[in-house]
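Structure assessment
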Amino acid sequence: MSNKRILKRTINNVFDILVSECIATSLYDGKHHGENLNALISSIFTMRNDLISRISHPEPGMKQREYYKNLIADFHKDTNEIIDQISNLIA
């Protein structure tokens, strides 16, 4: 990712897809997920806001390349956790 704008756009798109997957899972599963679904969606928005703010305000004193590699690794880790939680809603 060579641009902050592209990174922000990618994060927003991925988290939008995750929210739509949560909603689709709740609609097509037929079970009532009420509070679990609401908590999952709010955690998705919290993670998105955290990552976007970290892009806009990098830590001083840290090399940029290292900082953004860590940020992208956290993005992948958070995304995988959310995907696991969505698949646990189905099970």
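Preceding this paragraph is the structure being described.
Here's a quick rundown of the structure.

So, on to the nonpolar core. Ile-11, Phe-15, Cys-22, Leu-40, Ile-44 and Ile-82 are the most contacted members of the largest nonpolar core, which totals 21 residues. Taken together, the elements giving at least two residues each to this core come down to helix H1 (4-29), helix H2 (34-56) and helix H3 (64-90). Among the elements that line this core, the one with the most residues is H2, at 8 residues. The residues contacting Ile-82, other than those within four sequence positions of it, are Leu-18, Leu-40, Ser-43, Ile-44 and Met-47.

Another aspect to go through is the packing of aromatic side chains. For the structure shown, the criterion picks out 2 aromatic pairs. For the ring pair Phe-15 and Phe-75, a centre distance of 5.9 Å and an interplane angle of 70 degrees mean the geometry is edge-to-face. Note that Phe-15 is positioned in helix H1 and Phe-75 in helix H3, a separation of 60 residues in sequence. The same class applies to Phe-15 as to Phe-75, namely buried.

Further remarks concern the packing of H2 against H3. Two numbers describe how H2 lies on H3: the axes approach to 11 Å, and their chain directions differ by 170 degrees. Accordingly, the angle class assigned to the pair H2 and H3 is roughly antiparallel. Packed against H2, whose contacting residues are Asn-36, Leu-37, Leu-40, Ser-43, Ile-44, Met-47, Leu-51, Arg-54 and Ile-55, the element H3 presents Tyr-67, Tyr-68, Asn-70, Leu-71, Asp-74, Phe-75, Asp-78, Glu-81, Ile-82, Gln-85, Ile-86 and Leu-89 at the interface. Residue composition of the contact of H2 with H3, grouped by class: 13 nonpolar, 4 polar and 4 charged.

Cut-off values and rules
Residues numbered from 1 in each chain as written. Predicted model: local features only at pLDDT ≥ 70, side-chain atom pairs only at ≥ 80, totals over all residues. Heavy atoms only, no water. Core = buried A, V, L, I, M, F, W, Y, C linked by side-chain atoms within 4.5 Å. Buried < 20%, exposed > 50% of the residue type's maximum accessible area, 1.4 Å probe, protein only. Helix = DSSP H or I, 4+ residues; strand = E, 2+ residues; numbered from the N terminus. Contact = heavy atoms within 4.5 Å. Phe/Tyr/Trp six-rings, centres within 6.5 Å; stacked < 30°, edge-to-face > 60°. Axes fitted to C-alpha atoms, helices over the stretch in contact; angles between N-to-C directions. Parallel < 35°, antiparallel > 145°, perpendicular 65-115°, else oblique. Nonpolar A, V, L, I, M, F, W, Y, C, P; charged D, E, K, R; others polar.

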